[in-house]
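A closer look at the structure
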Amino acid sequence: MNTQPRIYVAGHQGLVGAAIVRALAARGLTKLVTRSHAELELTNQAQVHDFFRNEKIDQVYLAAARVGGIHANNTYPAEFIYDNMMVQANVVHEAWGAGVQKLLFLGSSCIYPRLAPQPIREEYLMSGMLEPTNEPYAMAKIAGIKLCESYNRQYGTDFRSVMPTNLYGPGDNYHPENSHVIPALMRRFHEAKETDAPEVVIWGSGKPMREFLYVDDMAAACVHVMNLDRATYAAHTDPMHSHLNVGTGEDVTIAELARLVGATVGYRGRIVFDTSKPDGTPRKLLDVSKLKGLGWQASTPLPEGLRRAYAAYRGLQPAQLAGSSA
Ligand SMILES: NC(=O)C1=CN([C@@H]2O[C@H](COP(=O)(O)OP(=O)(O)OC[C@H]3O[C@@H](n4cnc5c(N)ncnc54)[C@H](OP(=O)(O)O)[C@@H]3O)[C@@H](O)[C@H]2O)C=CC1
Ligand SMILES: C[C@H]1O[C@H](OP(=O)(O)OP(=O)(O)OC[C@H]2O[C@@H](n3cnc4c(=O)[nH]c(N)nc43)[C@H](O)[C@@H]2O)[C@@H](O)[C@@H](O)C1=O
């Protein structure tokens, strides 16, 4: 008899969800349940209710969300708060209703105050004002952590939360405006190289600092955290501060990142900065000592991750690029 858990990966066609599926499959887990966005609309409570009642799920990785870079967050704040609040409320509530014991919620490092002391420790949550360019998304993510904690406290569930830093890798969104900085720059440098363009424009001043984690490292961290025994997780967290940071513990300036992406792509032209575009938060380096103490740390250095991501980008068909969305 196959006694493996039935694991639902929500958002399995996205950057992180696809990597979680890869990580679970590599560990020999075969009872994976997935639904595309077209098959299951997670903002629709009735659909989510029926899904959980019919599927007898044991574990949930909640990697479905409305996601985008600084421009998308700033341009579509209503969608970023509404979609994310609805998706997580429906999934957490219906998972609980169907008796799911274990769930891992994916938040984001933008939950922390804009000017938090660096590196950012988990307990700095709600100690100051958020970064305005992504405040609605961050508010939804904070609510997601609190949803998990509230169901744990009232109903005894084991719903955990991880807060990833900025992610990148194969399967990213390469939309020219709505994507995050790494896929945006990879595409821009690649197209500049192909067309012999003399310069590439980088948004903002180049001075903000960001920490970047390769997506397969993120997936490995998710599986690691899900599989920690309950007493161990509880010993390293607090019922009302239950989230764990996931990152590398190292950051670079956006100007340094641009040079690295340019070198990865083999672009030899100039880099210029468009300071009419927002910088966002000046720095958000995560303190990852809690997760290290729990036995996990990142293993892919940024230059290596960029090489792998660029190889994956070059393998994409033009139609896949044209179809990339927010
Ligand atoms: N990428 C990053 O740098 C970071 C990501 N995170 C978090 O990690 C998680 C995964 O992000 P990532 O993989 O990058 O995002 P992606 O946009 O790549 O993937 C999200 C997936 O969720 C699906 N989805 C979105 N809305 C719905 C919905 N209403 N119903 C059903 N499916 C839906 C999307 O489908 P479709 O595309 O068809 O809409 C997509 O497949 C998210 O929680 C995100 O907030 C946190 C920090 C950084
Ligand atoms: C993961 C995280 O992602 C978002 O926050 P962000 O860290 O600001 O993410 P970003 O990747 O979009 O930008 C990082 C930095 O890079 C600069 N930058 C330069 N040139 C481009 C560029 O071409 N595109 C983008 N997107 N940024 C650029 C940009 O100006 C900024 O200074 C959140 O809204 C929220 O979604 C969240 O949680």
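Counting restarts for each chain: residues are numbered from 1 in the order of the written sequence. Labels are handed out in written order, letters beginning with A for the chains and numbers beginning with 1 for the ligands. It should be noted that, the model being predicted, local features are given only for residues of pLDDT at least 70 and side-chain atom pairs only at 80 or more, the latter also being counted only at that level, while totals for whole chains, interfaces and linings use all residues. By convention in this description, side-chain values take in all heavy atoms of the structure and omit both hydrogens and water.

Per an unreviewed UniProt entry, the protein chain is named GDP-L-fucose synthase, and its organism is Massilia terrae. UniProt positions are given in the numbering used here, feature names are shortened, and annotations may be inferred rather than shown by experiment. Under the Pathway (unreviewed entry) heading, UniProt states for the protein chain: "Nucleotide-sugar biosynthesis; GDP-L-fucose biosynthesis via de novo pathway; GDP-L-fucose from GDP-alpha-D-mannose: step 2/2." According to the UniProt record, the Sequence similarities (unreviewed entry) comment for the protein chain reads "Belongs to the NAD(P)-dependent epimerase/dehydratase family. Fucose synthase subfamily."

Quick look at the overall build of the protein chain
On a plain count of helices and strands, the protein chain comes out with 12 helices and 12 strands. The globule rule used here is 2.2 Å times the number of residues to the 0.38 power, and the radius of gyration it is set against is calculated over C-alpha atoms. Relative to a compact globule of 326 residues, whose C-alpha radius of gyration would be 20 Å, the protein chain shows 19 Å and is just as compact. In terms of its C-alpha atoms, the protein chain occupies a principal-axis envelope of roughly 60 × 40 × 35 Å. The classification of residues rests on relative accessible area computed with a 1.4 Å probe and restricted to protein chains. Under 20% of the type maximum is buried, over 50% is exposed, and intermediate values are partly exposed. In the protein chain, which comprises 326 residues, the proportion classed as buried is 50%. Within the protein chain, counting contacts between residues at least 6 apart in sequence, those at least 24 apart form 82% of the total. Accessibility throughout is a Shrake-Rupley quantity obtained with a 1.4 Å probe, and a residue counts as covered only by protein chains that appear here. Accessible area of the protein chain: about 14,300 Å², with a carbon and sulfur share of 53%. Just so you know, the count uses Lys and Arg for positive and Asp and Glu for negative, and it drops His and the chain ends. In this description, the location of a charge corresponds to atom NZ of lysine, CZ of arginine, CG of aspartate or CD of glutamate. Averaging the positions of the 32 positive and the 32 negative side-chain charges in the protein chain gives two centres separated by 3 Å. Going along the chain from the N terminus, every DSSP run of H or I of four or more residues is numbered as a helix, and every run of E of two or more is numbered as a strand. The criterion used for residue contact is that any of the two residues' heavy atoms lie within 4.5 Å.

Digging into the site of ligand 2
Here a residue counts as near a molecule or strand whenever at least one of its heavy atoms sits within 4 Å of it. Near ligand 2 you find 23 residues, and of these Ile-70, Ser-108, Arg-188, Arg-210 and Asp-279 are the closest. Contact between ligand 2 and His-180: an oxygen atom at 3.3 Å from a side-chain N or O atom of the residue. Here an oxygen atom of ligand 2 and a side-chain polar atom of Arg-210 are 2.7 Å apart. Against a free-state accessible area of 690 Å², the protein chains account for coverage of 98% of ligand 2. Within the residue set of the shell around ligand 2, elements represented by two or more residues are α3 (70–75), α6 (181–195) and β7 (199–203). For the shell around ligand 2, a count of residues per class yields 11 nonpolar, eight polar and four charged. Definition of a polar contact: a pair of N or O atoms within 3.5 Å, with one able to donate and the other able to accept a hydrogen when the atoms are protein atoms, and with sequence-neighbouring residues admitted only if both atoms are side-chain atoms. Any residue outside Ala, Val, Leu, Ile, Met, Phe, Trp, Tyr, Cys, Pro, Asp, Glu, Lys and Arg is labelled polar, Gly included; the first ten of those are nonpolar and the last four are charged.

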